[in-house]
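# Per-entry structural report
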Amino acid sequence: MAHVPYEQRWAAARKRFEAATAKHRPKDAKAVAAALNGDAALVKALKAGDAVHRAGTVGDEAAKDLAAAGKDAVKARKAYLAALDKALDEDAASRGDKAAAAACERAMKALAKDLFDLEADIGADADRFKAQAAQAEKDAASSERAQKRWEANINGALARAAAGVAKVRAKPTPDTYNELFPALARDLATQLAAAKALDGLRADPDFYRRKLAPWAGQGGDGPPMRVPPDYTARQITDLIKEFATVCKGVVQLVGGR
């Protein structure tokens with residue numbers, strides 16, 4: 001919901017008050033006019049509150065600034081209403097106009113209610129900013145925990161991949177290779193898919209996930225996901241070298257955060 005400026009709301013409330021009391025206030029009542037126009041401190045406080053909204057910021061600092069504006073508004077409201085009420089009472093009494101006194105009393109009650117409602121809304125807005133700040137802090141902490149879990153998971157997957165690469169290089173046979181794939185590549189691909197929800201990565205994790213796809217999800221049972229029994233050591237070594245190159249890219253992706 002869009003913010004309706006506090007100052008604008010006060011101007012509307014004052015206009016309603018003036019309309020309700022116009023015929024009961026003599027034009028030459030200088031004390032009443034002075035009291036009615038003595039809202040500079042109140043307007044200043046409301047403008048300060050509106051400035052917080054215009055800044056477009058939320059959080060503890062915004063909540064603090066808005067609460068301060070609300071406190072100033074309360075102080076200004078008390079002084080303003082007291083001066084205005086006194087001036088109206090003295091004017092009506094000096095003229096012996098009971099009808100004017102009754103009308104002004106009703107209008108004063110309405111004006112006071114408008115200001116109380118305005119102050120309540122300033123307080124509610126400050127509380128909302130404070131709650132938003134708390135939620136943002138909570139979300140940031142949750143995001144940090146999620147990123148730490150992901151780092152632990154993908155570093156574990158990379159460690160398993162490195163151990164697998166070393167095992168195949170030490171014994172480049174179809175059986176050794178097929179013991180590890182496609183599970184080894186799918187483990188990494190799963191973590192790269194989870195990385196899409198994270199911030200601060202050096203590159204798009206999908207770039208490396210696509211590079212891993214031949215080892216992790218190629219249709220059928222052919223290379224490089226699996227190799228046939230007649231595959232030579234040279235062919236297997238070449239495949240594991242390509243896989244290791246992709247893994248190095250993933251290491252850089254993680255290390256670049």
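The following paragraphs examine the structure supplied in this document. (Residues numbered from 1 in each chain as written. Predicted model: local features only at pLDDT ≥ 70, side-chain atom pairs only at ≥ 80, totals over all residues. Heavy atoms only, no water.)

## Some words on the environment of Val254
Inclusion rule: Put simply, DSSP marks the helices as runs of H or I at least four residues long and the strands as runs of E at least two long, and each gets a number from the N terminus on. We call two residues in contact whenever any of their non-hydrogen atoms come within 4.5 Å of each other.
Positionally, Val254 belongs in helix H9 (residues 233–255). For the pair Val254 and Leu192, spaced 62 residues apart in sequence, the C-alpha to C-alpha distance is 10.0 Å. Apart from the residues within four sequence positions on either side, Val254 is in contact with Trp150, Ile154, Asn155 and Leu158.

## Quick notes on helix H4 (residues 60–95)
Selection criterion: For a helix, the expected span equals 1.5 Å multiplied by the residue count minus one.
Between its terminal C-alpha atoms H4 stretches 52 Å, which fits the 52 Å expected from 36 residues at 1.5 Å a residue. Two residues or fewer after H4 comes Gly96, characterised by a positive phi angle close to 65°.

## Focus on the pattern of salt bridges
Keep this limit in mind: Any carboxyl oxygen of Asp or Glu within 4 Å of a side-chain nitrogen of Lys or Arg constitutes a salt bridge here.
This structure, assessed with the given rule, holds 16 salt bridges. Here Lys47 makes a salt bridge to Glu7, at a shortest N to O gap of 4.0 Å. Note that Lys47 is positioned in helix H3 (residues 40–54) and Glu7 in helix H1 (residues 6–21), a separation of 40 residues in sequence. Three or more residues are tied together by salt bridges with common partners; here these are Arg14, Glu18 and Asp39.

## Notes on the environment of Ala2
Tracing the backbone through its elements, the reader meets Ala2 in the segment before H1. Between the C-alpha atoms of Ala2 and His53, which are 51 residues apart in sequence, the distance is 10.0 Å.

## What to know about the packing of H3 against helix H5 (residues 98–170)
To keep things clear, this is the line we draw: Structural elements are reduced to axes, namely lines fitted to C-alpha atoms, with helices fitted over the stretch in contact, and the angle between N-to-C directions of any two is expressed from 0 to 180 degrees. For classification purposes, angles smaller than 35 degrees are called roughly parallel, those larger than 145 roughly antiparallel, those between 65 and 115 roughly perpendicular, and all remaining angles oblique. Crossing chirality is assigned from the near helix's rotation relative to the far helix, an anticlockwise turn below a right angle marking it left-handed and a clockwise turn marking it right-handed. Under the scheme applied here, ten amino acids are nonpolar (Ala, Val, Leu, Ile, Met, Phe, Trp, Tyr, Cys and Pro), four are charged (Asp, Glu, Lys and Arg), and all others, including Gly, are polar.
Closest axis-to-axis distance for the H3/H5 pair is 12 Å, and the angle between their directions is 30°. Between H3 and H5, the interaxial angle falls into the category roughly parallel. In this structure, H3 meets H5 at a crossing whose hand is left-handed. In this structure, H3 uses Leu42, Leu46, Val52 and His53 to contact H5, whose residues at the interface are Leu115, Leu118, Ile122, Asp125, Arg128 and Phe129. Grouping the constituent residues of the contact of H3 with H5 by class yields seven nonpolar, one polar and two charged.

## Structural notes on H1
With 16 residues, H1 extends 23 Å from end C-alpha to end C-alpha; this agrees with the ideal 22 Å at 1.5 Å per step. In the core, the buried residues of H1 are packed alongside helix H2 (30–36), H3, H4 and H5.

## Thoughts on unusual backbone geometry
A cis geometry characterises the amide bond from Phe181 onward to Pro182, with omega recorded as 10°. Structurally, Pro182 is set in the loop between helix H6 (174–180) and helix H7 (183–194).

## Some details on the packing of aromatic side chains
Note the following rule: Paired rings are identified among Phe, Tyr and Trp, the last through its six-membered ring, by centres lying within 6.5 Å, and are further divided according to the angle between planes into stacked (under 30 degrees), edge-to-face (over 60) and tilted (the rest). For the exposure calls, accessible area comes from a 1.4 Å probe over protein chains only, and a residue counts as buried if that area is under 20% of its type's maximum, exposed if over 50%, partly exposed in between.
Per the counting criterion, the structure on display carries five aromatic pairs. Look at Trp10 and Tyr80: their rings are 5.5 Å apart centre to centre, the planes differ by 90°, and that puts the pair in the edge-to-face class. In this pair, Trp10 sits in helix H1 while Tyr80 sits in helix H4, placing the two residues 70 residues apart along the sequence. We note that Trp10, like Tyr80, is buried. Judged by centre distance (4.8 Å) and plane angle (85°), the rings of Phe181 and Phe243 are edge-to-face. On the criterion of sequence distance, the pair formed by Phe181 in the loop between H6 and H7 and Phe243 in helix H9 is long-range, its members being 62 residues apart. Here Phe243 falls in the buried class, since its relative accessible area comes to 0%. Through pairs of rings, three or more aromatic residues link up here, namely Tyr177, Phe181, Trp215 and Phe243.

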